[in-house]
Amino acid sequence: MSDHHATTAHGADHDHHDEHAHGSLKSYAIGFVLSVILTAIPFWLVMNNVLTSSGTTGIVILGFAAVQIVVHMIYFLHMNTKSEGGWSMLALIFTVVIVGIVLAGSLWVMYHMNNNMMPGMHEHGHDMHRAVQQSK
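This brings us to unusual backbone geometry. The backbone of N49 shows a phi angle near 50°, a positive value even though the residue is not glycine. Tracing the chain through its elements places N49 in the loop between α2 (25-47) and α3 (54-75).

In structure tokens, the structure reads:
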């Protein structure tokens, strides 16, 4: 009787394979080409100083990074709403929300710490700049 249970358990393991389609060579090639393009464009933007504002450059680079993360998840990690009954997508959404909260909170704290710990720093810097300009 124990042999029957061992065989059934062993047979059940073989029947429970992951039925998700793994990527084809074409899928990996598309993912690779998109990744190279999504890396080359921001590199070109920075090296040629295409955007004069550093804030705009940062936002554009973050946008390309977000798109590249999606490309990696789709073409290399094979994540979609059907894989693992949707649980992997739910875990991803939860992770993105938590990381967003942590990043936004960190930026908020750093901004307010800078303003509250050094209240006259920005005005003092402008006064020094004016003094240097007047001395010339």
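For the rest of this paragraph, the subject is α3. Helix length check: α3, at 22 residues, gives a terminal C-alpha distance of 31 Å against a target of 32 Å (1.5 Å per residue), a fit within 8%. Tucked into the core, α3 has its buried residues touching α2 and α4 (87-117).

Turning next to the side chain of S88. Here S88 is to be found in helix α4. On the basis of relative accessible area, S88 is assigned to the buried category, the value being 16%. Look past the residues within four positions of S88 in its chain and what remains in contact with it is M79, N80 and S83.

Per-residue pLDDT for the protein has a mean of 79; in total, 71% of the residues score no lower than 70. Within the protein, α2 carries the highest mean pLDDT (95), whereas helix α1 (residues 2-15) carries the lowest (48). Predicted confidence for residues 10-19 stays below pLDDT 50, and this span has 0 contacts to residues more than four positions away or in other chains.

Right, let's talk about the packing of α2 against α3 for a bit. Packed helices, taken two at a time, are described by the angle their axes make and the gap between the axes. The N-to-C vectors of α2 and α3 enclose an angle of 170°; their axes lie 10 Å apart at closest approach. Classified by the angle their axes make, α2 and α3 are roughly antiparallel. Two secondary-structure elements touch here, α2 through S27, Y28, I30, G31, L34, S35, L38, T39, I41, P42, L45 and V46 and α3 through T57, V60, I61, F64, V67, Q68, V71, H72 and Y75. Per-class residue counts for the contact of α2 with α3 are 14 nonpolar, 7 polar and no charged.

Next up on the list: the packing of aromatic side chains. For the structure shown, the criterion picks out 1 aromatic pair. For the ring pair Y28 and F76, a centre distance of 6.1 Å and an interplane angle of 15° mean the geometry is stacked. In this pair, Y28 sits in helix α2 while F76 sits in the loop between α3 and α4, placing the two residues 48 residues apart along the sequence. Y28 gets classed as partly exposed once you look at its relative accessible area, which sits at 33%. Judged by relative accessible area, F76 falls into the partly exposed class, the value being 29%.

Conventions and cut-offs
Residues numbered from 1 in each chain as written. Predicted model: local features only at pLDDT ≥ 70, side-chain atom pairs only at ≥ 80, totals over all residues. Heavy atoms only, no water. Helix = DSSP H or I, 4+ residues; strand = E, 2+ residues; numbered from the N terminus. Expected span 1.5 Å × (residues − 1). Contact = heavy atoms within 4.5 Å. Buried < 20%, exposed > 50% of the residue type's maximum accessible area, 1.4 Å probe, protein only. pLDDT = per-residue confidence, 0-100. Axes fitted to C-alpha atoms, helices over the stretch in contact; angles between N-to-C directions. Parallel < 35°, antiparallel > 145°, perpendicular 65-115°, else oblique. Nonpolar A, V, L, I, M, F, W, Y, C, P; charged D, E, K, R; others polar. Phe/Tyr/Trp six-rings, centres within 6.5 Å; stacked < 30°, edge-to-face > 60°.

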